[in-house]
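Reading the structure
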Amino acid sequence: MKVWRLNPSDTQLEGTQIFSDVCEALTDGKLVAIPTETVYGLAADATNGKACAGIYKAKGRPSFNPLIAHVDGLEAAQTHAFFDERALKLAEAFWPGPLTLVLPKRLTSPVSDLAVAGLETIALRVPRSEVMRALCKSTGRPLAAPSANLSGRISGTTAQDVIDDLGEHLSYLIDSGATPVGVESTIVSLIGERPTLLRPGGLAREEIEAVLGEPLVRGGTNDSAPISPGMLTSHYAPNAHIRLNATDVAAGEALITFGTSLPEGADRAARLVSLSDSEDLSEAAARLFTALREADLGKNGKIAVMPVPHYGLGEAINDRLARAAAPRD
């Protein structure tokens, strides 16, 4: 694995030798970890079934769980899917950004059947990350890029997180520091008559509803035939067991805090980890996966998490916490 340490302020990407080398690795079917504004992604050529199989193998991800295809802009996205008026509104309002749209897939799209898990739909995103968009444009390929972590475990928001989970599987790792949003993209399905929120994420429901002019239906979990990533019941899990909405702390528990008003027994906590002392939901979202890693006391450990509001980005935070706390096989 080779590491490309990229300064987020760098504007000259194309034309450098390292950029050309990463493009070559992707077109050759190799795996590359790439930072986006949300989390680090484990990227491969979405049109190459063998490369996509490498993603599933490296992550230990079930092959019935589809991948998001990242492209460099709306024009490229329209070559892979049919966009109705609603999809165009959302794409024009929020792309580039942390929004994934699930749309009817065009038969002419070269995205592999494995990437879409054999479905007639496709999940598409134009990320805010300049390096991801530049790689899509220069390779001429959509890039499948689920979060760069072992399946079901905590998503990676730093290069070291990625190395710890997947380093042995990577051709390149692009390191640009901690990702700013910290939770994955919001996923909206526009397949039926009603727009459906399949996964809360880095774009708040309220902003999407304001553009659509109608409420989003909340999609449920699906452990056997999900139509997008982020629909499995148990996901984002540390080794320790999690207790949500904690109003007290048992001796030996780690405590993830929100705000500075601590619950009863906080002085007995084995470890204190803050999401946001100022109760800032954007800061809490950016810190969430790091906090889960820091609070993880191992398989026999327990983590108590203080209540987090459910509005705005709090919906995404609570969604991830609920999946992290779900019973595991």
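All values reported here derive from a predicted model rather than from experimental measurement.

1. A short note on empty space enclosed by the protein
- Tallying each qualifying case throughout the model produces 2 cavities of 30 Å³ or more.
- The space that makes up the second largest cavity amounts to roughly 40 Å³.
- As for the second largest cavity, its lining consists of T186, L197, P200, G201, L203, A204, R205, G312, L313, E315 and A316.
- Looking at the lining of the second largest cavity residue by residue, the classes come out as 6 nonpolar, 3 polar and 2 charged.

2. Notes on helix α2 (residues 49-59)
- Listed in full, the buried residues belonging to α2 are A51, C52, I55, Y56, A58 and K59.
- The inward-facing, buried residues of α2 abut β3 (40-45), β7 (143-144) and α6 (159-166).
- Of the residues flanking the start of α2, the one acting as N-cap is N48, its side-chain oxygen 3.0 Å from the backbone nitrogen of K50.
- In the stretch just after α2, G60 is the one whose phi turns positive, near 70°.

3. Digging into the environment of G118
- Inspection of the secondary structure puts G118 in the loop between β5 (99-104) and β6 (121-125).
- As for G118 and N300, which are separated by 182 residues in sequence, their C-alpha atoms are 39 Å apart.

4. Some words on unusual backbone geometry
- In this chain, W95 is followed by P96 through a cis amide linkage whose omega measures -5°.
- Here the phi dihedral of A117 falls at roughly 55°; this positive angle occurs in a residue that is not glycine.
- Relative to the assigned elements, A117 resides in the loop between β5 and β6.
- Judged by relative accessible area, A117 falls into the partly exposed class, the value being 25%.
- Positive phi is not limited to glycine here, since E279 has a value of about 60°.
- Locating E279 in the fold gives a position in the loop between β14 (271-276) and α8 (281-295).

5. Overview of the pairing of strand β10 (residues 196-199)
- Bridge count for strand β9 (residues 186-189) against β10 is 3 bridges, and the pairing is antiparallel. Bridge pairing links I187 to R199 in β10.
- The turn joining β9 and β10, which pair antiparallel and follow one another in sequence, is formed by 6 residues.

6. Observations regarding the sheet that holds strand β2 (residues 32-35)
- Pairing within the open sheet is mixed, and its 11 strands lie in the order β1-β8-β2-β3-β7-β4-β6-β5-β9-β10-β11. In the strand order of this sheet, the two ends are held by β1 (2-5) and β11 (217-218), each with one partner.
- On the sheet, helix α5 (residues 130-139) packs against β1, β2, β4 (68-70), β7 and β8 (172-175) and is oriented at approximately 130° with respect to β2.
- Set on the sheet, helix α9 (residues 314-325) makes contact with β10 and β11; between it and β10 the angle comes to about 50°.

Rules and cut-offs
Residues numbered from 1 in each chain as written. Predicted model: local features only at pLDDT ≥ 70, side-chain atom pairs only at ≥ 80, totals over all residues. Heavy atoms only, no water. 1 Å grid on protein atoms, 1.4 Å probe; cavity = no way out; pocket = protein on both sides within 12 Å on 5 of 7 lines; lining within 4 Å. Points joined across faces, edges and corners; volume = space filled by probe spheres on them. Nonpolar A, V, L, I, M, F, W, Y, C, P; charged D, E, K, R; others polar. Buried < 20%, exposed > 50% of the residue type's maximum accessible area, 1.4 Å probe, protein only. Helix = DSSP H or I, 4+ residues; strand = E, 2+ residues; numbered from the N terminus. Contact = heavy atoms within 4.5 Å. Polar contact = N/O pair within 3.5 Å; in protein donor to acceptor, adjacent residues only side chain to side chain. Pairing = 2+ DSSP bridges. Axes fitted to C-alpha atoms, helices over the stretch in contact; angles between N-to-C directions.

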